[in-house]
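Residue-level listing of the chains:
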Amino acid sequence: MAGKKLALAVSIGDKKYNYKEDAPIGYSLDTLLTPFRATINHIRADYRGAHTIYGSSFEVTDEEIVENAYVYANKFIKTLN
């Protein structure tokens, strides 16, 4: 896997503002993704970031899903090329 481009796509059930050290979750998303990033570093892959959608358990609208899917397909994926 050395040199391969890897990225994460993360669907998060809770609200974005809850993912801070001083919020109910108690950790930032970046902190929670640390084990994935460590694995990517271990296999010497090229980490290209994470695409996220928040509120997927109860709060996201159909319009937000469509917009997020567009960004994922037309912007985020292109960064991997």
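Look above for the structure.
Residues numbered from 1 in each chain as written. Predicted model: local features only at pLDDT ≥ 70, side-chain atom pairs only at ≥ 80, totals over all residues. Heavy atoms only, no water.

A. Spotlight on the overall build of the protein chain. Across its full length, the protein chain holds three helices and two strands. Taken along its principal axes, the extent of the C-alpha atoms in the protein chain is 40 × 30 × 15 Å. Relative to all contacts within the protein chain whose residues are 6 or more apart in sequence, the contacts with residues 24 or more apart total 65%. Carbon together with sulfur atoms contributes 54% to the accessible area of the protein chain, which is approximately 5,700 Å² in total. Taking the average place of the 10 positive charges on the side chains of the protein chain and the average place of its 10 negative ones, the gap between the two points comes to 13 Å. (Helix = DSSP H or I, 4+ residues; strand = E, 2+ residues; numbered from the N terminus. Contact = heavy atoms within 4.5 Å. Areas by Shrake-Rupley, 256 points an atom, 1.4 Å probe, with all protein chains shown as cover. Lys, Arg positive; Asp, Glu negative; His and termini not counted. Charge placed at Lys NZ, Arg CZ, Asp CG, Glu CD.)

B. The arrangement of a nonpolar patch on the surface in detail. On the surface, I25, Y27 and L32 cluster together into a nonpolar patch covering about 260 Å² of accessible area. Tracing the chain through its elements places L32 in helix α1 (residues 29-32). (Patch = residues over 30% accessible without salt bridge, like charges linked within 9 Å, V, L, I, M, F, W, Y side chains within 5 Å. Salt bridge = Lys/Arg side-chain N within 4 Å of Asp/Glu carboxyl O.)

C. Spatial organisation of the nonpolar core. L8, V10, I12, Y19, L29, L33 and Y54 together form the largest nonpolar core, which totals seven residues. Here L33 is in contact with L8, V10, Y47 and A50, once residues within four sequence places are set aside. (Core = buried A, V, L, I, M, F, W, Y, C linked by side-chain atoms within 4.5 Å. Buried < 20%, exposed > 50% of the residue type's maximum accessible area, 1.4 Å probe, protein only.)

D. Region of interest: unusual backbone geometry. Not every positive phi belongs to a glycine, and R44 is a case in point at roughly 60 degrees. For R44, the position within the fold is in the loop between α2 (34-42) and β2 (46-53). A relative accessible area of 62% places R44 in the exposed class.

E. Broad picture of the side chain of H51. Assignment of secondary structure puts H51 in strand β2. Among the polar contacts made by the side chain of H51, one reaches the side chain of N68 at a distance of 2.7 Å. Excluding anything up to four places from it in sequence, H51 contacts L8, A9, V10, N68, V71, Y72 and F76. (Polar contact = N/O pair within 3.5 Å; in protein donor to acceptor, adjacent residues only side chain to side chain.)

F. How the structure looks around the environment of N81. The topology assignment puts N81 in the segment after α3 (62-76). Taking the C-alpha atoms as reference points, N81 and K5, separated by 76 residues in sequence, lie 8.4 Å from one another. Residue contacts for N81: discarding those within four places in its chain leaves K5 and R48.

G. Inspection of the side chain of N68 at higher detail. Tracing the chain through its elements places N68 in helix α3. Assessed through its relative accessible area of 19%, N68 is described here as buried. Excluding residues within four positions of it along the chain, N68 makes contact with H51, T52 and I53.

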